[in-house]
Amino acid sequence: MNWLNITKIKTAISISLALLACFNVEIAWANSQGHNDSSSSNILINVEKSTADTSEKWVVTYTLTTPAKTLAFVRNPDTSRTTRWFAQDSDIEIVFDDAKHQELVRSKSGKSLSTVSFLMTPTYKHLGKDYAPFSPFSDGGNAFHSGRLFACANACSEEDNKWQLTLNVPSDEHIVLNGKVTKNSVSWTDNNDGRVVYVGRQQPIITDDVVALIDPGLPKSIKVSLEEDIPNMMAFFSHSLNPLKGEKPMLLASYANIDAHSTQGGTLPNQIFMHWNRQDLNEQANNSSFVNQTLWFFAHEVAHFYQPGSTEGVSENKEQSWLHEGSADYFAAIAMNFLYEDANSYVESRMTRAFESCTEGLAQTTLAHAYKNGQFNLYYSCGMIMHRAIDSVVQQKTLGEESLFTVWKRLQKAVHSGMPPGTATFLTLLEPYNAPELIKAINNATSDDALKAIQGIETLYQFPE
Ligand SMILES: [Zn+2]
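Trainee: Teacher, can you tell me more about the confidence of the model for the chain here?
Mentor: Predicted coordinates in regions of low pLDDT should not be interpreted in detail. Chain-level statistics for the chain give a pLDDT mean of 87 and a share of 89% at 70 or above. Within the model, pLDDT remains below 50 along residues 1-37, and this stretch shows 98 contacts once partners closer than five positions in the same chain are excluded.

The structure is reproduced here in structure tokens:
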């Protein structure tokens, strides 16, 4: 994603940023569907980082307990392993299988594979619909995505969802895994979409809310924002919804500061990350639109942490993504308005654009089918308008005693007590407010009839008048 271009296309800014930012959430959600807690794959993955002079070397080694003809990868967003991974044995190669749309490791001479090693390229590589394999920091640190390494003997099936990884790093560096700092070597069991692991010399900032690795080379204003705004946002949601339980989330913000034009943000369970692969951040940091977009991105992602049980605890399927994405966007709007006095006009303009983009989109697809038709952004835009209406009606009906947050806390409780997540449960929680016109408009907005859907959104946009 190129923020230079984005700033030129102002109308597209907010929606596409949130979409980009959140697309990874949807990947995570989709991939974790149907995954059982299955048996471990018979492959050990060892990652070794070493340094010689100033260059870093990252080698991944797969050891198969039962030799196999080929090694297949779980994630195949493109063909870049074929050019960025170098086999340490001249008989081994990575090829792209066009028919299967996946990269495969094989022996040129047809031998079975038992141990294979590759030297990886530890630079940033944008993968369209997947997490970047490496996110380098400007001080020589690096963060890698473990899911990129998941592989299976011959072919991957849904049962392959458990990997044993070991990571070794030079003695003057350390690892930050799941919020904990370790020296030399660490082993862990990984699954689903994997996680981001940091390797380098930077000590994380550990606060009551978060474990953060923030690139020291980032412009001061962005560093301050990351160090202060995110904890403030967390405090806000912790108060408005419920405090987080369990392990502290990790925040990684890396800046490669190179001549490139890419920025990507994403989330994995309990992790938010942002990588800037560009060199104009000092100029951008003074641009209020850029600053607001960045803050919105963080607020949206932080809001997800406070939804019940992540996305699986909110929506039953992708058709209902307006619930978790729309609420995260609207929660971001509330947090921005609450935390930043001068954010109001930005939030308002974003709301207007969301309404416009939603109604335009609903003329082409229904909300339920938007994800299939390349219009995932509608779950953010329409969903935000829907949540804004619910908030207005709830506040009006209860004379300000309750709000959308009250409804969401009840949803959290309902899901924890065994009610199924999803639209039906959510709408049941709106019944006590005696607002049939609100329910009707939501039903219309989510209906299969384009005209009704647009009318529904128009009605919702005008609530509570
Ligand atoms: Zn999201």
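Trainee: What's the story with helix H9 (residues 377-397) in this structure? I'm lost.
Mentor: Residues that lie three or four places apart on an α-helix share one face, since the helix turns once every 3.6 residues. Across its 21 residues, H9 extends 30 Å between first and last C-alpha, which sits within 8% of the 30 Å expected from 1.5 Å per residue. Within H9, 16 of the 21 residues are buried, leaving the element largely enclosed by the surrounding structure. Positioned one or two residues after H9, Leu 399 has a phi angle of 50°, which is positive.

Trainee: When you look at the pairing of strand S15 (residues 196-200) in this model, what are you seeing that I'm missing?
Mentor: Within S15, 5 of the 5 residues are buried, which leaves the element mostly enclosed by the surrounding structure. Of the two faces of S15, the one holding Val 196, Tyr 198 and Gly 200 and the one holding Val 197 and Val 199 are both buried throughout. For strand S9 (residues 142-145) and S15, the ladder comprises 4 bridges, and the chain directions are antiparallel. Along S15, the bridge assignment pairs Ala 143 with Tyr 198. Looking at chain direction, strand S12 (residues 174-177) and S15 are connected through 3 bridges and run antiparallel.

Trainee: Would you take a moment to explain the packing of helix H7 (residues 321-339) against H9 for this structure?
Mentor: Packed helices, taken two at a time, are described by the angle their axes make and the gap between the axes. Two elements in contact, H7 and H9, have axes separated by 7 Å at closest approach and are oriented at 65°. Compared by their axis directions, H7 and H9 come out roughly perpendicular. Seen from above, H7 lies across H9 with right-handed handedness. Contacts between H7 and H9 pair Ser 321, Trp 322, Leu 323, Glu 325, Gly 326, Ser 327, Asp 329, Tyr 330 and Ile 334 from the former with Tyr 379, Tyr 380, Gly 383, Met 384, Met 386, His 387, Arg 388 and Asp 391 from the latter. Classifying every residue of the contact of H7 with H9 by side-chain character gives 8 nonpolar, 5 polar and 4 charged.

Trainee: Sorry if this is basic, but what is going on with the sheet that holds strand S6 (residues 102-107) here?
Mentor: As a general point, the strands of a sheet are linked pairwise by backbone hydrogen bonds and lie either parallel or antiparallel. The sheet built from 4 strands is open, its strands ordered S5-S6-S3-S10 with antiparallel pairing. The open sheet has two edge strands, strand S5 (92-97) and strand S10 (151-153), and neither has a second partner. Adjacent strand axes in the sheet meet at a mean angle of 30°, parallel and antiparallel pairs treated alike. In terms of strand pairing, S5 meets S6 through 6 bridges, oriented antiparallel. Bridge pairing in S6 links Glu 93 to Arg 106.

Trainee: Help me out: how do you make sense of the packing of aromatic side chains in this one?
Mentor: Where two aromatic rings form a pair, the distance of their centres and the angle of their planes describe that pair. The final tally for this structure, using the stated rule, is 23 aromatic pairs. Relative to Phe 144, the ring of Trp 58 lies with its centre 5.5 Å away and its plane at 65°, an arrangement referred to as edge-to-face. With Trp 58 in strand S2 (residues 55-68) and Phe 144 in strand S9, this pair connects stretches of sequence that are 86 residues apart. On the accessibility criterion, Phe 144 (2% relative accessible area) is buried. Pairing Trp 322 with Phe 426 gives two aromatic rings, centres 6.0 Å apart and planes at 75°, and the pair type is edge-to-face. Within this pair, whereas Trp 322 is found in helix H7, its partner Phe 426 is found in helix H11 (residues 423-430), the two being separated by 104 residues in sequence.

Trainee: Just checking my understanding: could you explain the state of the cysteines for this structure?
Mentor: Structurally, a disulfide amounts to a covalent bond that connects the sulfur atoms of two cysteines. Taken as a whole and assessed by the stated rule, the structure comprises 2 disulfides. One disulfide bridge connects Cys 152 with Cys 156, the sulfur atoms lying 2.1 Å from each other. Disulfide Cys 152-Cys 156: the torsion about the S-S bond is 105°, which places it as right-handed. Overall, the relative accessible area of 2% leaves Cys 152 in the buried class. For Cys 156, a relative accessible area of 29% translates into the label partly exposed. Shown here for the chain is a disulfide pattern of 1-2, 3-4, where each number marks a bonded cysteine counted in sequence order.

The rules behind these values
Residues numbered from 1 in each chain as written. Predicted model: local features only at pLDDT ≥ 70, side-chain atom pairs only at ≥ 80, totals over all residues. Heavy atoms only, no water. pLDDT = per-residue confidence, 0-100. Contact = heavy atoms within 4.5 Å. Helix = DSSP H or I, 4+ residues; strand = E, 2+ residues; numbered from the N terminus. Expected span 1.5 Å × (residues − 1). Buried < 20%, exposed > 50% of the residue type's maximum accessible area, 1.4 Å probe, protein only. Pairing = 2+ DSSP bridges. Axes fitted to C-alpha atoms, helices over the stretch in contact; angles between N-to-C directions. Parallel < 35°, antiparallel > 145°, perpendicular 65-115°, else oblique. Left-handed = near helix turned anticlockwise from the far one by under 90°. Nonpolar A, V, L, I, M, F, W, Y, C, P; charged D, E, K, R; others polar. Phe/Tyr/Trp six-rings, centres within 6.5 Å; stacked < 30°, edge-to-face > 60°. Disulfide = S-S within 2.5 Å.

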